[in-house]
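The lines below spell out each chain.
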Amino acid sequence: MSKIAICGGKSLNGEVDIQGSKNAALPILAATAMNENECELSNCPDLEDVKAALKIISYLGGRSEYGGHTALVNAAGIHKFEIPEELMGSMRSSVLFLGPLLSKFGQAVISYPGGCSIGLRPIDLHLKAFKTLGVSVEEIGGRIYCKVNKIQPNRVNLIFPSVGATENIMLLTAVSEGETVVVNAAREPEIVDLQNFLNSMGAKISGAGTETIRIIGVEKLNKVKYNIMSDRIFAATCLCAVASCGGNVVLQNVNPEHIGLITSMLSGAGCNISCGSDYVRIRSTQRLRGLGKIMTSPYPGFPTDAQALFMSALAAADGTTVFVENIFESRYKHVPELIKMGADIIVDGRLAAVTGCNYIQGASVEAQDLRGGAALIIAGLSAIGDTVVSGVRHIDRGYERIEDTFASLGASIRRI
Ligand code: EPZ
């Protein structure tokens with residue numbers, strides 16, 4: 001099992017080209033399973049989760065090639081509608097193949113998806129929405145059997161703006177008859193990217209990015225070439241690393257609007273940030289200030305995926321920051337590891353109070369999930385002394401060789 005070794009305390013300087021978005025690429029890859037024609041996806045990140053999605057497409061009978069950040073998918077050969085447990089367990093986004101398979105075959109058999117262990121992560125909102133759209137759902141022995149004769153257009157009210165449920169509804173109804181409306185839809189930029197991708201294939205979807213999405217079903221989808229949006233959480237990871245290590249870095253190919261709250265908060269912590277149309281420059285020359293309170297919430301609120309990243313960056317800040325994790329019920333698995341490095345953090349349920357210490361020290365720590373693992377890398381980069389991060393497989397699910405990114409900025413970091 002590979003590990004990452006870091007000799008901390010170096011400032012970060014230079015430029016980073018932001019990778020394509022994992023959380024946009026995964027629903028888009030699921031969407032290719034509905035298309036009888038070829039899909040060419042550029043700016044598709046080279047990640048374990050992307051490989052897992054391509055593996056599902058191949059298992060179902062489709063063809064896929066990947067190279068140079070481009071995925072070529074031809075799903076015409078897909079003839080299976082059952083996804084085995086081991087493929088379902090490889091990541092959370094395996095559940096997003098449910099909509100496309102039901103749309104194509106009128107039936108699908110899956111089991112519960114995998115993904116980071118940051119909470120129970122049920123799929124009841126997906127299944128409840130699908131029942132509203134005419135799908136019958138039966139759970140037998142851990143397998144979920146779904147059937148639909150004809151998708152019933154309807155108004156679907158989500159009790160919570162679930163990203164995955166919103167995406168699955170869009171995937172199920174893109175090729176159907178009539179108009180479906182999603183009320184209280186998730187508003188994340190990745191939903192907008194999925195809408196843009198589906199529409200580029202000939203779908204008729206509007207409203208993504210707002211709380212109401214309208215899908216007018218179409219008969220079929222066309223061949224498409226599509227460029228996937230950049231990864232806003234990867235950008236947030238780089239920003240938090242520079243903020244805590246010090247330095248001067250330009251992030252290229254980023255959409256500053258997607259990280260407006262992140263950059264304004266880091267400015268509030270003492271960083272100097274300037275933005276252009278597709279870049280963000282961050283300069284950090286002083287000890288960060290605590291931010292008082294950070295509550296995670298659905299977009300455009302503070303992203304839960306940035307909670308661990310900010311916690312690492314603020315562990316040695318001057319002042320206190322209280323985190324309230326409102327999205328997932330157990331997303332503090334990085335806290336004990338940060339405490340090993342000298343951080344002063346108290347967790348009580350959904351709250352985590354971080355009292356800035358003078359500095360954090362290098363230690364041997366273990367990643368428990370994707371963003372918590374990235375947070376440990378950030379902590380190692382800014383710590384005094386040497387850090388070894390194990391459990392790197394969690395980090396590789398969402399970051400393209402994270403060590404190369406930071407080594408290119410002057411960090412002393414390598415995979416061992
Ligand atoms: C997506 O997960 C992202 N993953 C997550 O990023 C991100 O943290 C999350 O959205 C919130 O922004 C991908 O896009 C692949 P949700 P998803 O459905 O779709 C509960 C990362 O690090 N819920 O909005 O699973 C759920 O348990 C990952 O890149 C139900 O109760 O998020 C959670 O508490 C981590 N029932 C909350 O809603 C359901 O049917 C938000 O979940 C669905 C969700």
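Residues numbered from 1 in each chain as written. Predicted model: local features only at pLDDT ≥ 70, side-chain atom pairs only at ≥ 80, totals over all residues. Heavy atoms only, no water.

Enquirer: With reference to specific residues and values, describe helix 5 (residues 124-132).
Expert: Within the sequence span of helix 5, burial applies to L125, H126, L127, A129 and F130. The elements touched by buried residues of helix 5 are helix 4 (98-105), strand 7 (136-140), strand 8 (143-147), strand 9 (155-157) and helix 6 (163-173). Within two residues after helix 5, G134 carries a phi angle of roughly 95 degrees, on the positive side. (Buried < 20%, exposed > 50% of the residue type's maximum accessible area, 1.4 Å probe, protein only. Helix = DSSP H or I, 4+ residues; strand = E, 2+ residues; numbered from the N terminus. Contact = heavy atoms within 4.5 Å.)

Enquirer: Describe the site of the ligand, listing the residues and the values that go with them.
Expert: Taken together, 23 residues lie near the ligand, and D124, L125, S162, D305 and I327 sit nearest. Within the side chain of K22, a nitrogen or oxygen atom sits 3.0 Å from an oxygen atom of the ligand. At a separation of 2.7 Å, an oxygen atom of the ligand approaches a polar side-chain atom of S162. For the ligand, whose free accessible area comes to 820 Å², the fraction covered by protein is 90%. Elements supplying a minimum of two residues to the shell around the ligand: helix 1 (22-32), helix 5, helix 6 and helix 12 (370-382). Split by residue class, the shell around the ligand holds 9 nonpolar, 6 polar and 8 charged. Built from parts of two domains, the shell around the ligand gets at least three residues from each of domain 1 (4-19 + 230-415) and domain 2 (22-227). (Near = heavy atom within 4 Å. Polar contact = N/O pair within 3.5 Å; in protein donor to acceptor, adjacent residues only side chain to side chain. Areas by Shrake-Rupley, 256 points an atom, 1.4 Å probe, with all protein chains shown as cover. Nonpolar A, V, L, I, M, F, W, Y, C, P; charged D, E, K, R; others polar. Domains from an automatic or database assignment.)

Enquirer: So what's going on with the nonpolar core? Which residues, and what values?
Expert: With 75 residues, the main nonpolar core has I83, F97, L102, F197, L198 and I213 as its most contacted residues. Residues within four places of F97 in sequence aside, it is in contact with L29, A30, A33, A53, I56, I57, L60 and I83. The next biggest cluster of nonpolar side chains, apart from the first, holds 73 residues, and it includes F234, F323, F328 and I360. (Core = buried A, V, L, I, M, F, W, Y, C linked by side-chain atoms within 4.5 Å.)

Enquirer: Account for the pairing of strand 6 (residues 107-111), with residues named and values stated.
Expert: Where burial is concerned, most of strand 6 is hidden: 4 out of the 5 residues are buried. Inspection of the sheet shows strand 6 paired to strand 8 by 5 bridges, in the antiparallel sense. Bridge pairing in strand 8 places A108 opposite C146. (Pairing = 2+ DSSP bridges.)

Enquirer: Before we move on, could you go through the sheet that holds strand 1 (residues 4-7) and cite the residues and values that matter?
Expert: What holds strands together in a sheet is hydrogen bonding between their backbones, with the strands either parallel or antiparallel. With mixed pairing, the 4 strands of this open sheet are ordered in space as 21-22-1-23. The open sheet is flanked by strand 21 (364-366) and strand 23 (412-415), the only strands paired with a single partner. Neighbour-to-neighbour, the strand axes of this sheet turn through a mean angle of 20 degrees, independent of strand direction. Both strand 1 and strand 22 (residues 386-390) contribute to a ladder of 4 bridges, which runs antiparallel. Residue I6 lies in a different strand from strand 22, and its bridge partner there is T387. Against the sheet, helix 12 engages strand 1, strand 21, strand 22 and strand 23, with an angle of about 30 degrees to strand 1. (Axes fitted to C-alpha atoms, helices over the stretch in contact; angles between N-to-C directions.)

Enquirer: Let's hear about the sheet that holds strand 9: which residues, and what values?
Expert: Taking strand neighbours across the sheet as the criterion, the 4 strands line up as 9-10-12-11 in an open arrangement whose pairing is mixed. Pairing within the sheet leaves two strands with one partner each, and these edge strands are strand 9 and strand 11 (204-206). Direction aside, the axes of adjacent strands within the sheet are offset by 15 degrees on average. Here 3 bridges tie strand 9 to strand 10 (residues 179-183), and the two strands are oriented parallel to one another. Bridge pairing in strand 10 places R155 opposite V181. Contacting strand 9, strand 10, strand 11 and strand 12 (212-216), helix 6 runs over the sheet at an angle of about 15 degrees to strand 12.

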